[in-house]
Amino acid sequence: MPVPYKLPTYALMIKYIFGPVPSRRLGISLGVDIIPYKTCTLDCLYCECGSTSELTLERKRFVDPGVVLEQIKEAIEGEKYIDYITFSGAGEPTLSIDIGEIITRIKGMTDIPVAVLTNGTLLYLEEVRRDLAPADLVLPSLDAVTPAVFNKINHPHKELDIHRIIQGLIDFRKEYRGKIWLEIFIAKSINDTPDELNKIYETAKKINPDKVQLNSLDRPPAYEGVEAVDIETLERLVKEWKDLQVEITTRTKRREEIVSFSKNLENNILNTIKRRPLTVEDLEALTGKSRGELFKYIDILEKEKKVKAQVNGDKIFYAPVRK
Ligand code: SF4
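Cut-off values and rules
- Residues numbered from 1 in each chain as written.
- Predicted model: local features only at pLDDT ≥ 70, side-chain atom pairs only at ≥ 80, totals over all residues.
- Helix = DSSP H or I, 4+ residues; strand = E, 2+ residues; numbered from the N terminus.
- Buried ≥ 20, exposed ≤ 12 C-beta atoms within 10 Å, placed from the backbone.
- Near = placed C-beta within 6 Å.
- Nonpolar A, V, L, I, M, F, W, Y, C, P; charged D, E, K, R; others polar.
- Axes fitted to C-alpha atoms, helices over the stretch in contact; angles between N-to-C directions.
- Contact = placed C-beta atoms within 7 Å.
- Pairing = 2+ DSSP bridges.
- Right-handed = clockwise from strand over helix to strand, strands pointing away.
- pLDDT = per-residue confidence, 0-100.
- Expected span 1.5 Å × (residues − 1).
- Arc of directions from axis to C-beta.
- Left-handed = near helix turned anticlockwise from the far one by under 90°.

Colleague: Account for the overall build of the protein chain, naming residues and giving values.
Modeller: Summing up its helical and strand segments, the protein chain has 10 helices and 12 strands in all. Counting all 323 residues of the protein chain, 41% fall into the buried class.

Printed below as a string of C-alpha cells:
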C-alpha cells in the first residue's frame, strides 16, 4: 500500500540530480541522489563523503518520486553524452522505499541505462532485490568477509551481519537479470592480509558477478590513517584471481564535448564538489572548460572560503567548506 507523503515543503525545492559527472567506473554519469546527507547503513573508513551522521537500517520515504523524475527528465533533455543515470551520492540509495518505483519510471522515460551504486548491505531483503530488478547495472561493494575486518573497515550498523549480507548478494545474483559489478576496496593494513584477500576471492566466486573492480584510496577519506595499497598489490590480485574478470578502476578520460547541466559555471562547480571532492581534471571533463578558466573560479571561491583544496597523494582535490 502506498505510503502517504509527509515530506516538508522544502523537499520539493531540493536538487536531486547532479552532473553529468565523469565517473571512473561509469563514463559520463548523471547522478541521482535521493538520500539525505549522510544517511547510510555503514560508516566506512574510506568514505569520500565524510563520516555517517545517520547510521540506520530503516527504509523510508525521503523524496517525492514525481519531483525526482521531473528533474531527471529536465536534465536529460538536450544532453548528448550520458552513459548512465546513476543512483549514488552521499548515502545508501536502497534505504529509499521509492527507489524501485523511480527506476521503473526512468526505464519508461528513456533508453539511457540505469545504474545503482549500493553498499549491498540490504540485498538480504527480498523487497530490496525486487526494487533493483529493473536496473541495468548494479554495483555493490564487498570489502571484507570476516566480521572483525568488516567492523574495522565498514563500521556497520550493529544489526548487520556480514554472512547475511553475502547471502543477499548470492541470492541477488541468482534472481537478477542485469549486470553486477562488484567493487572491492582494499586498504593497507586493514583488509589486505593474504587470509582476508583469499576469503574475499572465494566469496566473490560464489557471488559470481559479471566483473570485479578493485579500488583503493585516491580521494580524501572520512577518517585519518587510511592508506591506499600500492598498485602492485592490485595488479597481483588481477593475475591471481583468475576465475573472475577483475579490473582496477582508473580515472575517466576527458570527453571533449560534454555539455554541463548547469548554465552557471560557478554554481555548477559548487554543486558538483558538494557531492564529492574533485580534481581540476575532473572539473575540466565535466564542464568542458579549460583549466585556466576553471582556476579563475576556484581562486575566487577559495578567497570567499566556499572551496578548499585538499592534497591526497599526488593529487589536489577541491571540496566545499562546510559551515
Ligand atoms: S562509502 Fe558508501 S557505504 Fe560506505 S559510508 Fe560512504 S556512502 Fe556509506
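Next comes the rest of the description.
Colleague: An account of the site of the ligand is needed here, citing residue identities and associated values.
Modeller: Around the ligand, the neighbouring residues are Cys40, Leu42, Asp43, Cys44, Cys47, Cys49, Thr52, Gly91, Glu92 and Asn119. For the shell around the ligand, the per-class residue count stands at 5 nonpolar, 3 polar and 2 charged.

Colleague: Help me get a handle on the packing of helix α5 (residues 162-175) against helix α6 (residues 194-207), residues and values and all.
Modeller: Where α5 contacts α6, the two axes come as close as 8 Å, and the packing angle between them is 35°. Of α6, the residues touching α5 (which contributes Ile166, Leu169, Ile170 and Arg173) are Thr203, Lys206 and Ile207. Of the residues belonging to the contact of α5 with α6, the class tally is 4 nonpolar, 1 polar and 2 charged.

Colleague: Go over helix α9 (residues 280-287), please, and point to the residues and values.
Modeller: Of all the positions in α9, only Asp282, Leu283, Ala285, Leu286 and Thr287 are classed as buried. After α9 finishes, the residue Gly288 shows a positive phi value of roughly 75°.

Colleague: Can you break down the pairing of strand β6 (residues 114-118) residue by residue, with the values?
Modeller: A large share of β6 lies buried, amounting to 5 of its 5 residues. With 3 bridges connecting them, strand β5 (residues 84-87) and β6 associate as parallel partners. Across the sheet, residue Ile85 finds its bridge partner in β6, namely Val114. Note that the unit made of β5, helix α2 (residues 99-107) and β6 has a crossover that is right-handed. The pairing of β6 with strand β7 (residues 137-140) spans 4 bridges and is classified as parallel. Counterpart to Leu117 in the pairing with β7 is Leu139. As for the winding sense of the linkage, the β-α-β connection from β6 through helix α3 (residues 126-132) to β7 is right-handed.

Colleague: Tell me what's going on with the environment of Arg177, and back it up with residues and numbers.
Modeller: The residue Arg177 is located in the loop between α5 and β8 (179-185) in this model. Note: C-alpha distance between Arg177 and Asp136 (41 residues apart in sequence) is 8.3 Å.

Colleague: Quick rundown of the environment of Lys305? Include the residues and the values.
Modeller: Of note, Lys305 is situated in the loop between α10 (291-303) and β11 (307-312). The class for Lys305 is exposed, based on 9 C-beta atoms found within 10 Å. Measuring from C-alpha to C-alpha, the distance between Lys305 and Val321 comes to 6.5 Å, with 16 residues separating the pair along the chain.

Colleague: Provide a residue-level description of unusual backbone geometry, including the pertinent values.
Modeller: Omega for the peptide link from Tyr37 to Lys38 comes to -25°, which places this bond in the cis form. Relative to the helices and strands, Lys38 is located in the loop between β2 (27-32) and β3 (39-40). Located in the positive-phi region is His155, a residue other than glycine, with phi close to 40°. The exposure class of His155 is partly exposed, given the 18 C-beta atoms found within 10 Å. One non-glycine residue with positive phi stands out, namely Asn208, at about 60°. Along the polypeptide, Asn208 turns up in the loop between α6 and β9 (211-215).

Colleague: Kindly report on the confidence of the model for the protein chain, identifying the contributing residues and their values.
Modeller: Overall, the prediction assigns the protein chain a mean pLDDT of 87, with 89% of residues at 70 or greater. The low-confidence segment residues 1-5, where pLDDT is below 50, has 3 contacts with residues more than four positions distant or belonging to other chains.

Colleague: Account for α6, with residues named and values stated.
Modeller: Helical geometry note: an α-helix holds 3.6 residues per turn, so side chains three or four residues apart project in the same direction. Here α6 contains 14 residues, and its C-alpha end-to-end distance of 20 Å stays within 8% of the 20 Å for a straight helix at 1.5 Å per residue. Where α6 is concerned, the buried positions are Glu196, Ile200, Ala204 and Ile207. Buried residues in α6, looked at end-on, bunch into an arc of 75°, giving them a common side. Exposed side of α6, more than 90 degrees from the buried face: Pro194, Asp195, Glu202 and Lys206 are the residues found there. As for α6, its buried residues are in contact with α4 (147-154), α5, β8 and β9. Taken from the residues just after α6, Asn208 is the one with a positive phi, measuring 60°.

Colleague: Any details on the packing of helix α1 (residues 65-76) against α2? Residues and values, ideally.
Modeller: Running from N to C, α1 and α2 cross one another at 35°; their axes reach a closest spacing of 10 Å. For the element pair α1 and α2, the recorded crossing hand is right-handed. Only Glu101, Ile102, Arg105 and Ile106 of α2 make contact with α1, whose side of the interface consists of Pro65, Val68, Leu69 and Ile72. Looking at the contact of α1 with α2 residue by residue, the classes come out as 6 nonpolar, no polar and 2 charged.

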